[in-house]
Amino acid sequence: MQNILAVWQGLTQSRRLIVIAATVAIFLAIIGMSRLATQPSMTLLYSGLDSAAAGEVVEALQQQGAPYEVRGTSIYVADTMRDQLRLTLASNGLPESAGKGYELLDELTGFGTTSQMFDAAYVRAKEGELARTIVSSSDIASARVHIAAGSNNAFRPDLAPSASVHVTAQNGAIGMSKAKAIRHLVAAAVAGLQPADVAIVDSHIGLLTDQDDLLTASNDQERTTLIRDRVLRLIEARVGRGNAVVEVSIDPVMESEAITERLFDPDSRFVISSETEERSDQSENSGGGL
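A brief look at the structure comes next. Along each chain, residue indices are assigned from 1 in the same order as the chain's sequence is written. Residues qualify for local features only when their pLDDT is at least 70, as the model is predicted, and side-chain atom pairs are given and counted only at 80 or more; totals for whole chains, interfaces and linings, by contrast, use all residues. Only heavy atoms go into the side-chain values, all of them from the structure, while hydrogens and water stay out.

A few words on a nonpolar patch on the surface. Exposure above 30% relative accessible area and the lack of any salt bridge qualify a residue for a patch; like charges then connect within 9 Å, and the nonpolar side chains Val, Leu, Ile, Met, Phe, Trp and Tyr within 5 Å. Only the protein chains shown count as cover for residues, and all accessible areas are computed by the Shrake-Rupley method using a 1.4 Å probe. Put simply, a salt bridge is a Lys or Arg side-chain nitrogen that is within 4 Å of an Asp or Glu carboxyl oxygen. Where nonpolar side chains cluster on the molecular surface, the patch consists of Leu5, Trp8, Leu17, Val19, Ile20, Val24, Phe27, Leu28 and Ile31 and spans about 790 Å² of accessible area. For the nonpolar patch, the secondary structure elements donating two or more residues are α1 (2-10) and α2 (13-38). A helix here means a DSSP run of H or I that spans at least four residues, while a strand means a run of E at least two residues long, and both kinds are numbered starting from the N terminus. Here the nonpolar patch gets seven residues from one element, more than from any other, and that element is α2. With respect to the element layout, Val24 can be found in helix α2.

Take the packing of aromatic side chains next. Two rings from Phe, Tyr or Trp (for Trp, the six-membered ring) form a pair when their centres are within 6.5 Å of each other. A pair whose planes differ by under 30 degrees is stacked, one over 60 is edge-to-face, and the rest are tilted. Under the defined criterion, the tally for this structure stands at one aromatic pair. Aromatic pair Phe118 and Tyr122: ring centres 6.5 Å apart, planes at 15°, arrangement stacked. Of the two residues, Phe118 and Tyr122 are both situated in helix α6 (residues 115-135); the distance of four residues between them amounts to about one turn of the helix.

Glancing now at the nonpolar core. In terms of nonpolar packing, the biggest core is built from 22 residues, with Val165, Ile174 and Ile200 touching the most fellow members. When residues of this core are traced back to their parent elements, those giving at least two are α6, β4 (140-148), β5 (162-169), α7 (176-189) and β6 (198-202). Other than its neighbours up to four places away in sequence, Ile200 contacts Val165, Val167, Ile174, Ala179, Ile182, Arg183, Gly206, Leu207 and Leu208. Nine residue types can take part in a nonpolar core, namely buried Ala, Val, Leu, Ile, Met, Phe, Trp, Tyr and Cys, and a core is a set of them joined through side-chain atoms within 4.5 Å. For the exposure calls, accessible area comes from a 1.4 Å probe over protein chains only, and a residue counts as buried if that area is under 20% of its type's maximum, exposed if over 50%, partly exposed in between. Any pair of residues with heavy atoms lying within 4.5 Å of one another is described as a contacting pair.

A separate point is the sheet that holds strand β1 (residues 42-47). Spatially, the three strands line up as an open sheet ordered β1-β3-β2, and their pairing is antiparallel. A strand with exactly one partner marks an edge of an open sheet, and here the two such strands are β1 and β2 (68-71). Between one strand axis and the next, the sheet turns by 30° as a mean value, whatever way the strands run. Pairing between two strands is assigned when DSSP locates at least 2 bridges connecting them. Sheet topology note: the β1/strand β3 (residues 74-78) ladder contains five bridges and is antiparallel. Paired with Ser47 across the strands is Ser74, a residue of β3. Note on method: axes are straight lines fitted to C-alpha atoms, helices fitted across the in-contact stretch only, with angles between N-to-C directions ranging 0 to 180 degrees. In this fold helix α3 (residues 51-64) packs onto β1, β2 and β3, with an angle of close to 20° to the strand it touches most, β3. Its contacts with the sheet put helix α4 (residues 82-91) on β1 and β3, and the angle it makes with β1 is roughly 25°.

Below, the discussion takes up the pattern of salt bridges. Side chains that differ in sign of charge can pair as their charged atoms come close. Counted by the stated rule, this structure contains three salt bridges. Note that Arg82 and Asp83 form a salt bridge whose closest N and O atoms lie 3.4 Å from each other. Overall, Arg82 belongs to the partly exposed group, its relative accessible area being 25%. Exposure remark for Asp83: the relative accessible area of 49% places this residue in the partly exposed category.

Turning our attention to the sheet that holds β6. One open sheet holds the four strands; their spatial order is β4-β5-β6-β7, and the pairing between them is mixed. Two strands bound the open sheet, and with one partner strand each, they are β4 and β7 (206-208). Within the sheet, the average angular offset between the axes of one strand and its neighbour, ignoring direction, is 25°. In this structure, β4 lies alongside β5, joined through eight bridges in antiparallel fashion. Counterpart to Ile147 in the pairing with β5 is Ala163. Sitting on the sheet, α6 touches β4 and β5, and the angle it makes with β4 is about 155°. Each of β4, β5, β6 and β7 touches α7; the most contacted strand, β6, lies at about 140° to it.

Our next topic: the packing of α3 against α4. Relative to each other, α3 and α4 sit at 115°, their axes nearing to 11 Å. One way to sum up the angle between α3 and α4 is to call them roughly perpendicular. α4 is crossed by α3, and the crossing has right-handed handedness. Here Val57, Ala60, Leu61 and Gln64 of α3 lie close against α4, whose contacting residues are Leu85, Thr88 and Leu89. Residue polarity is assigned by list, with Asp, Glu, Lys and Arg as charged and Ala, Val, Leu, Ile, Met, Phe, Trp, Tyr, Cys and Pro as nonpolar; anything else, Gly included, falls into the polar class. When the residues that make up the contact of α3 with α4 are grouped by side-chain class, the tally is five nonpolar, two polar and no charged. Angles below 35 degrees are treated as roughly parallel, those above 145 as roughly antiparallel, those between 65 and 115 as roughly perpendicular, and all remaining angles as oblique. Definitions for this section: a left-handed crossing has its near helix turned counterclockwise from the far helix by less than a right angle. A right-handed crossing has that turn clockwise.

Attention shifts here to the pairing of β2. One ladder, built from four bridges, connects β2 with β3; its direction is antiparallel. Looking at the pairing, Glu69 lines up with Tyr76 of β3. Counting the residues in the hairpin turn of β2 and β3 gives two residues, including Gly72, whose phi is positive at 70°.

Two packed helices can be described by the angle between their axes and the distance between those axes. Running from N to C, α6 and α7 point in directions that differ by 150°, and their axes come no closer than 11 Å. Classified by the angle between their axes, α6 and α7 sit roughly antiparallel to one another. Considering only the axes of α6 and α7, their crossing is right-handed. Seen from α6, the contacting residues are Lys126, Leu130, Thr133 and Ile134; seen from α7, they are Ile182, Leu185, Val186 and Ala189. Partitioned by chemical class, the residues of the contact of α6 with α7 number six nonpolar, one polar and one charged.

The following block contains the structure:
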């Protein structure tokens, strides 16, 4: 101890400050390393929840005293507690689903339920089930399905069913292949509904048109509008909605060309041309004998 005190007294003021700073830094480093060693590793609990559902999950975690972290729309908990927390939250009905499906039909009773009420509940249940199926995709954050059922009125047979789907992707906008899959999914679930009657609305770029619309357009004006909307959608996905203006002009070419080809196989015999000649000889002996 005397040697340490003698060395300390022999140091200048600047060296004493360096020694004190180094000691504090080492002490803080030891504390930080001990916290990192004791802090549990965090793993994903839920992701893509809406604000209401995420708030209920966070409140339940606070009541249980479980460590958690909120990173954007994702909730992380300790790796060793994730499975137990999921079972506990599920027993409490958390996270609550954004939309109900066929369980809506369980709430109906036989007394006081008219056919119109059942039909309306059945459509709502089908919309909820379709929305659940769409959201089950990893790149879809949320979805809402609206179905306009056709009329059973014999005086209005022209009212065909239609549907619209509003989707929000996890990152950016959904692709055309995903939109086409959603169209066919909804159309296959509703009797009499055609994929062309299902409108897909993306929350970032708006209405998504079908790729076949360009081929079925009846005039140049419709083709111009379709091409302009598609180019605008591609640009707005990069620069943001409302930050681009696109103008398209179509100059159709009405000329046609006919090409005639003659193919010959060198390994087989073929006739290029043929000519037929007929000859006929006729003689008559009319002389008399002597």
